Amino acid sequence: MYPRQFDYVAPTSLDEAYGALGDDSKVLAGGMSLIPLMKMRLLSPGTLVDIGRIPGLDAIEDKGDHISIGALVRHSTTAGHPLIAQHAPALAQAAGMTGDVQVRNRGTTCGSLAHVDVAADQPAAVLAHGGVAVVGSASGTREVMADAFCMDTLTADLSPNEILLEIRLPKAGPGEGSAYDKLGRRGGHSDYAVAGVAAWVKMDAGSITDARVAITGVGTKPSLLPEVSQALIGTDGSESAVASAAEHAVDGVTVLEDLYGSVEYKTHLAKVYAKRAIQKAIGSIRA
Amino acid sequence: MATTSVMGGVVKRREDPALIQGLGKYTDDFAPVGTLRVAFLRSPVARARITRLDTSRAKEIPGVVAVYTHDDVAHLGPLLAQVPVGKLRPLLAAGEVNHVGEAIAMVVAEDRYIAQDAVEAIEVDFDELPAVIDLRKAASDEVVIHEELGSNVLHTWTYHGYWEALGLEDQTPQVDEAMQREDAVVVSLDMVNQRLIPVAIEPRSVLAEYEPGYGRLTVHSSTQVPHALAGAIATQLEMSIRDVRVVAPEVGGGFGCKLNVYNDEILVAWASRELGRPVKWTETRREAAGATIHGRGWVATATLVGTRDGQFLGYKLEGIADMGAYSQNFTVAIPLLGLWIASGQYKMPVSWTVDCVVTNTMTTDAYRGAGRPEAIYYLERIIDAYAREIGMDPIEVREKNFWQPEEFPATLGCGFALDSGDYAAATQRLKEIADYEGLKRRRDEARAEGRLVGIGVGSYVEVCGFGPAVLADIGFSWSAYGLPSSFNGSGLVRVNPDGTATVIIGTGPSGQGHQTAWAQIVSDGLGIPLDDIRVHHGDSATSPMGIGTFGSRSLAVDGTATFAATEAVREKAAKIAAKLLEAAPEDIVFADGGAHVAGSPDRGVDWKAIAQAAYQGHTLPEGVDSGLEETIIHTPGNATWPFGTHLAMVEVDPDTGDVELLEYYAVDDCGNQVNPMIVNGQVHGGIAQGVGQALFEDAYYDQDGNLLTGSLVDYPIPTAADLPSFQLSHTVTPTPVNPMGVKGIGEAGTIGSAHTVVNAVVDALEPLGVKHVDMPLRPRKVWAAIQEARA
Ligand SMILES: Cc1cc2nc3c(=O)[nH]c(=O)nc-3n(C[C@H](O)[C@H](O)[C@H](O)COP(=O)(O)OP(=O)(O)OC[C@H]3O[C@@H](n4cnc5c(N)ncnc54)[C@H](O)[C@@H]3O)c2cc1C
């Protein structure tokens, strides 16, 4: 648990941060995933660029047409923020089920997305809400859909000189609802997801007009499940409609066995939680 | 309610203010100027010959002071063990490695980071050999791990044969005969009691400071056994125990893993002597997972035979226990602790056979309960299965077979006698606090709604507070460390010149609240207020010989010593006070901070006056010499046998297999209680660990010998958030073994809980026809059991 030697810089502006970033550097946000990897010497960046002292990155804001979650917004803030509760309930729930109190007080929602752990909670909710990653570098900013941003296991669409500045989420309109549910490694909701599903649903006059469902924990990365969404759209959201849509919960997903589940079990859980999350999302609209 | 009253009072733990403010001092907090740091190169493979080991590059790194390998330390011999059955651990790998995590080389450097860099610079090549992990395969000797031993089976424990001198009768024929009876119901299950990692929150740490000018060695260590460690270091380094002092400062949990002496402790002490500088090593969490002892690790077939109407006729256990690659302190003896309680609270013949086998894994040894949770698990699970088979309430079945209060001391087939007990009373109390009939109604209503709700009950008896000393005859002692005394406990009680008291005990607590409980004992005996008493422990140079804190022994053994020392001080003080008060010693009463003449509370002196007289000397009564302190070293005449009955209510999610522990009730009997709050705290932690085994924990090696649960990410331990509030109660059946009538409570919660939870889950799955699920009852396994039952 002793990292290799590294340099540490704590810039106080984005420009300074961009200047410090290079091929052998890593952005340090909450450190909840990066520091353990360094201590186990599984990762040994030459320079850590701590973005924690850059002002202006720690807010959740209503930007008119979207909600913005800054790079330093902690899980606990995301979990308890009224704007997230209103516009992205699935994300609030996922943030509230992430780790423990200490982890939630330090870890960042953006860091969770940037890290792309196979079993991370919040990325699934960001995906289901149609989130966009705003990536900055010395040469400007670019926007990437969160689904594309999560490229592969522990691999985000980020080059070493870039910073994930914010996550943008569409604002909720009428007839929309969302929910996140999971089985944690310790049972119940605690710890990383053995299987977790976030569902966002839009209904009009008793039928589903749009949906996005995302899964985490079972495959190589958190990912959208377009087949499930397709199967939902046009239905009345009844239990049987949801159940048959949930049958597609691992379509296109390479299900991986681990200590917490066989492929068969994880496949089954994916369907169970797809159904539960979608039903909760629908329930929240009807309520 | 917190009080300041003494014996039996809920006194708040006096050690806690420092701990909860972060002001406690642990071994790693100490660093004399010039302290060198250590890192170990550990084996990444489970079984191999080392074909090349080159430390030259590591030695060249600036700041590296030394890199040691087996050749440097071979002359010290392998790590000493009390029960030297099996292959003893080489201090550093001797040309071969036998488990992942085995120490191959030791780097000593100016700081810990440099030491780690140097570890990476050591070059080592392996010629890998097939690893043996599976217990049944190991027992088959298909591949023998240590060829020189000829077999992987190191020893076989049997109920009658473990101690020839006792001349015990083999009860196997009785059990076998019972199975042939026409009315016999025979129930049998194969069950796993999985390997666990002890996970003390404070990792192990050792700091050794050899002072060349004085020829003495001072060792701080996160240990449960300061005196034993001093003996071990002295013996292994060929020093005198006079020149080795071991201090255990705050110890953040041990659960048995810190009652072993480890190769790292010996090596750090040796390196300090070699280099003439202080040397420190603190394990990483990964080392704590893979290179500190593990517990449990049994597979066994349990068979119960009884009549249709619930009368037990006999019990048979045929098991294999995992010893790991090398034997350490008590490794091979651990199952023996289970053997002594094989029959639990019940009267019946027992046939018990456990093979101790070698595998390419970390050594196993004492982990909270040590052999007893395993033994009770098998017994109480099979009783449950039997109750189900004959359709009888599981509590009623147990009640039918309990030893009755008038039968104590009750001699068991293994030669030991249960000291005291009233098992039916504890069970009755449990039924009351849990509202057993109401619970069953609630379960049945939930079932009627299609929910999988279950109730599990489990009883236990455990054995702790060892002696008797004669156990040394079967190797149960600390003589390998040059300490012939098997089970000493000690207490020194000193009234200081200012009338306060200092108490020094030979224990090595790791959170058990000794500073509080011992102050209560002394305050109760002398009437000195608790605030005027300070308790010291964990220093082999200042405390009289006590072997340490383990096996739920401290109160029964060191507590008894302290109780006796307190009596002796009181007797002497009575003579002094009598002279001061011009009364007879028999008429002196101690209370409220001083002494007075019985019946005349106004004719009194305070402790300060008594102490002043004691130390000044010239006013002392004839025949009484100066000073006011007594030291007692005590060896118990027998062990004590606590017991209890627990109950859990669970609900299983039929879609996911997720188990929710809804309610938990426990009635434990540890005899008289010095501090009921501390007793409850011990029960709380114990239950949490038992629930951890039942639901989450699993030290899992794959078939190549990789420990896949080597960090807390993959080895979940229960937290308060995972547990319901426990409802606790107690019965009080004092032991005749010691004058305070106290038994141990440190391990009871763990011994009583794992099977209780599993019994509840199996009860929840009963409507589906599930008969057993092996621990840990992770959702994936419970779900698989449900699928299988439905198929
Ligand atoms: C005990 C424990 C339990 C946990 N349990 C859970 C759980 O149940 N569910 C769960 O989902 N997660 C869990 N986590 C992980 C946790 O959520 C992490 O906080 C999160 O994954 C990373 O966020 P961070 O701010 O800590 O990022 P860091 O650890 O600082 O960084 C992680 C990675 O992301 C990069 N990064 C971070 N922020 C940016 C940025 N703004 N721009 C560019 N790159 C960036 C870093 O360079 C690094 O590669 C747990 C962690 C711990 C220690």
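As the structure is a prediction and not an experimental result, all values here were calculated from the model.

Some details on the pattern of salt bridges
- Counted by the stated rule, this structure contains 60 salt bridges over all chains.
- Its salt-bridge partner being K63 of chain A, residue E61 of chain A comes within 3.7 Å of it at the nearest N-O pair.
- K63 of chain A gets classed as partly exposed once you look at its relative accessible area, which sits at 43%.
- For the salt bridge of E651 of chain B with R451 of chain B, the shortest nitrogen-to-oxygen distance reads 2.8 Å. Residue E651 of chain B is located in strand β26 (residues 643–652), and its partner R451 of chain B is located in the loop between α14 (436–448) and β18 (452–461); the two are separated by 200 residues in the primary sequence.
- By relative accessible area, which is 35% here, R451 of chain B ends up partly exposed.
- Ionic contacts of the salt-bridge type, sharing partners, join the residues E380, D384, R388, R398, R443, D444, R447, D763 and E766 of chain B into one network.

Looking at the packing of aromatic side chains
- What the rule picks out here adds up to 28 aromatic pairs over all chains.
- Each ring, one from F312 of chain B and one from Y346 of chain B, has its centre 5.4 Å from the other, and the planes form 70°; the classification is edge-to-face. Separated by 34 residues along the polypeptide, F312 of chain B in strand β14 (residues 312–324) and Y346 of chain B in the loop between α10 (334–339) and β15 (350–358) bring together distant segments of the chain.
- Residue classification places Y346 of chain B among the buried residues on the basis of a relative accessible area of 1%.
- Arranged with centres 5.5 Å apart and planes meeting at 90°, the rings of F408 of chain B and Y423 of chain B form a pair that is edge-to-face. Of this pair, F408 of chain B sits in the loop between α12 (394–401) and β16 (410–411) while Y423 of chain B sits in helix α13 (residues 423–434), and the two are 15 residues apart along the sequence.
- For F408 of chain B, a relative accessible area of 13% corresponds to the buried category.
- Overall, Y423 of chain B belongs to the buried group, its relative accessible area being 0%.
- An aromatic cluster of three or more residues is present, and its members are Y162, W163, F330, W340, F416, F466, F476, W478, Y481, F487, F550 and W641 of chain B.
- Seen from the ring of W200 of chain A, R212 of chain A lies directly overhead, with NZ or CZ sitting 4.3 Å from the centre.
- A cation over an aromatic ring shows up here: R216 of chain B above the ring of Y214 of chain B, its NZ or CZ 4.5 Å from the ring centre.

Details of the site of the ligand
All names here are of chain A.
- The environment of the ligand is formed by 30 residues, the closest being V27, G30, G31, T108 and D121.
- Between V27 and the ligand, the recorded distance is 2.5 Å, taken from a backbone N or O atom to an oxygen atom.
- For the ligand, an oxygen atom lies 2.6 Å from a polar atom in the side chain of T108.
- Across the complex, the protein chains shield 90% of the 960 Å² of accessible surface that the ligand would expose by itself.
- Those elements that provide at least two residues to the shell around the ligand are β2 (25–28), α7 (109–115) and β10 (163–170).
- Examining the composition of the shell around the ligand, we find that four residues originate from one element, α7, more than from any other.
- Partitioning the shell around the ligand into residue classes produces 15 nonpolar, eleven polar and four charged.

Some remarks on the packing of helix α11 (residues 239–246) of chain A against helix α12 (residues 263–286) of chain A
All names here are of chain A.
- At their nearest, the axes of α11 and α12 sit 8 Å apart, and the two run at 140° to each other. On the basis of their axis angle, the class for α11 and α12 is oblique. Read as a crossing pair, α11 and α12 show a hand that is right-handed. Counting all contacts with α11, which are made through E239, V242, A243 and A246, the residues of α12 involved are K271, A274, K275, I278, Q279 and I282.
- Taken together, the residues of the contact of α11 with α12 break down into six nonpolar, one polar and three charged.

Side note on the domain arrangement of chain A
- The domains assigned to chain A are domain 1 (7–50), domain 2 (60–170) and domain 3 (176–286).
- The straight-line distance from the C-alpha centre of domain 1 of chain A to that of domain 3 of chain A is 34 Å.

Overview of the sheet that holds strand β23 (residues 594–597) of chain B
Residue and element names in this part refer to chain B.
- Strand order in this open sheet of three strands is β22-β23-β24, and the pairing throughout is antiparallel. The outermost strands of the open sheet, each flanked by one partner alone, are β22 (588–591) and β24 (600–606). Between one strand axis and the next, the sheet turns by 35° as a mean value, whatever way the strands run.
- Pairing of β22 with β23 involves four bridges; the strand directions are antiparallel. Bridge pairing in β23 places F590 opposite A595.
- Taken strand by strand, helix α16 (residues 554–581) contacts β22, β23 and β24, and its axis lies near 115° from that of β22.

Some details on the interface of chain B and chain A
- Taken together, the contacts link 27 residues of chain B with 25 residues of chain A.
- Across the chain B/chain A interface, buried area totals approximately 2400 Å², and carbon plus sulfur atoms make up 56% of it.
- Between E257 of chain A and R780 of chain B there is a salt bridge, with its nearest N and O atoms 3.1 Å apart.
- Taken together, the connections running from chain B to chain A amount to 14 residue pairs in polar contact (both at pLDDT 80 or more).
- With five residues, helix α4 (residues 112–121) of chain B is the single largest residue contributor to the side of chain B that touches chain A.

Details of helix α18 (residues 676–695) of chain B
- Here α18 of chain B contains 20 residues, and its C-alpha end-to-end distance of 28 Å stays within 8% of the 28 Å for a straight helix at 1.5 Å per residue.
- Along α18 of chain B, 14 of the 20 residues are buried, which leaves the element largely enclosed by surrounding structure.

Points about the environment of G188 of chain A
- For G188 of chain A, the location among the structural elements is in the loop between β11 (176–184) and β12 (193–204).
- Take G188 of chain A: its relative accessible area is 28%, and that puts it in the partly exposed class.
- Ignoring anything within four residues of it in the chain, the contact list for G188 of chain A reads K182 and L183 of chain A together with D658 of chain B.

Things to note about the domain arrangement of chain B
All names here are of chain B.
- What the domain assignment lists for chain B is domain 1 (16–23 + 488–634), domain 2 (31–129 + 202–252 + 258–291) and domain 3 (298–467 + 638–790).
- Computed from C-alpha coordinates alone, the two centres of domain 2 and domain 3 are separated by 37 Å.
- Each partner contributes residues to the interface: domain 2 has 28 residues there, and domain 3 has 22 residues.
- Taken together, both faces of the contact between domain 2 and domain 3 bury some 2100 Å²; the carbon and sulfur share is 56%.
- Three residues stand out in domain 2 for area buried against domain 3, namely V83, R89 and N260, and they jointly supply 23% of the buried area on that side.
- Taken together, the links from domain 2 to domain 3 amount to 13 residue pairs in polar contact (both at pLDDT 80 or more).
- Looking at the side of domain 2 that touches domain 3, the elements that each hand over two or more residues are β4 (96–97) and α9 (285–290).
- With four residues, the single largest contributor to the side of domain 2 that touches domain 3 is α9.
- Tallied by class, the residues present in the side of domain 2 that touches domain 3 amount to 15 nonpolar, six polar and seven charged.

Some points on α12 of chain B
All names here are of chain B.
- Within α12, the full set of buried residues consists of I395, V397, R398 and N401. Mapping the buried residues of α12 onto a view down its axis gives an arc of 160°, with all of them on the same face.
- Buried positions along α12 lie against β14, α11 (372–390), α13, α14, β18 and α19 (748–765).
- Near the N-terminus of α12, the side chain that reaches the backbone nitrogen of I395, with its oxygen 2.7 Å away, is that of D393.

Overview of the sheet that holds strand β12 (residues 279–282) of chain B
Residues and elements named next belong to chain B.
- As summarised here, the arrangement of the seven strands in space is β3-β5-β1-β12-β9-β10-β11, forming an open sheet in which the pairing is mixed. Single-partner strands in this sheet number two, and they are β3 (64–68) and β11 (244–247). Between one strand axis and the next, the sheet turns through 20° on average, direction left out of account.
- Looking at chain direction, strand β10 (residues 216–221) and β11 are connected through four bridges and run parallel. Its bridge partner lying in β11, V219 is registered against V246.
- Along the sheet, α4 contacts β1 (36–42), β3, β5 (103–109) and β12; its crossing angle with β1, the most-contacted strand, is approximately 25°.

Rules of the game
- Residues numbered from 1 in each chain as written.
- Chains lettered and ligands numbered in written order.
- Predicted model: local features only at pLDDT ≥ 70, side-chain atom pairs only at ≥ 80, totals over all residues.
- Heavy atoms only, no water.
- Salt bridge = Lys/Arg side-chain N within 4 Å of Asp/Glu carboxyl O.
- Buried < 20%, exposed > 50% of the residue type's maximum accessible area, 1.4 Å probe, protein only.
- Helix = DSSP H or I, 4+ residues; strand = E, 2+ residues; numbered from the N terminus.
- Phe/Tyr/Trp six-rings, centres within 6.5 Å; stacked < 30°, edge-to-face > 60°.
- Lys NZ or Arg CZ within 6 Å of the ring centre and 35° of its normal.
- Near = heavy atom within 4 Å.
- Polar contact = N/O pair within 3.5 Å; in protein donor to acceptor, adjacent residues only side chain to side chain.
- Areas by Shrake-Rupley, 256 points an atom, 1.4 Å probe, with all protein chains shown as cover.
- Nonpolar A, V, L, I, M, F, W, Y, C, P; charged D, E, K, R; others polar.
- Axes fitted to C-alpha atoms, helices over the stretch in contact; angles between N-to-C directions.
- Parallel < 35°, antiparallel > 145°, perpendicular 65-115°, else oblique.
- Left-handed = near helix turned anticlockwise from the far one by under 90°.
- Contact = heavy atoms within 4.5 Å.
- Domains from an automatic or database assignment.
- Pairing = 2+ DSSP bridges.
- Buried area = accessible area lost by both parts, 1.4 Å probe.
- Expected span 1.5 Å × (residues − 1).
- Arc of directions from axis to C-beta.

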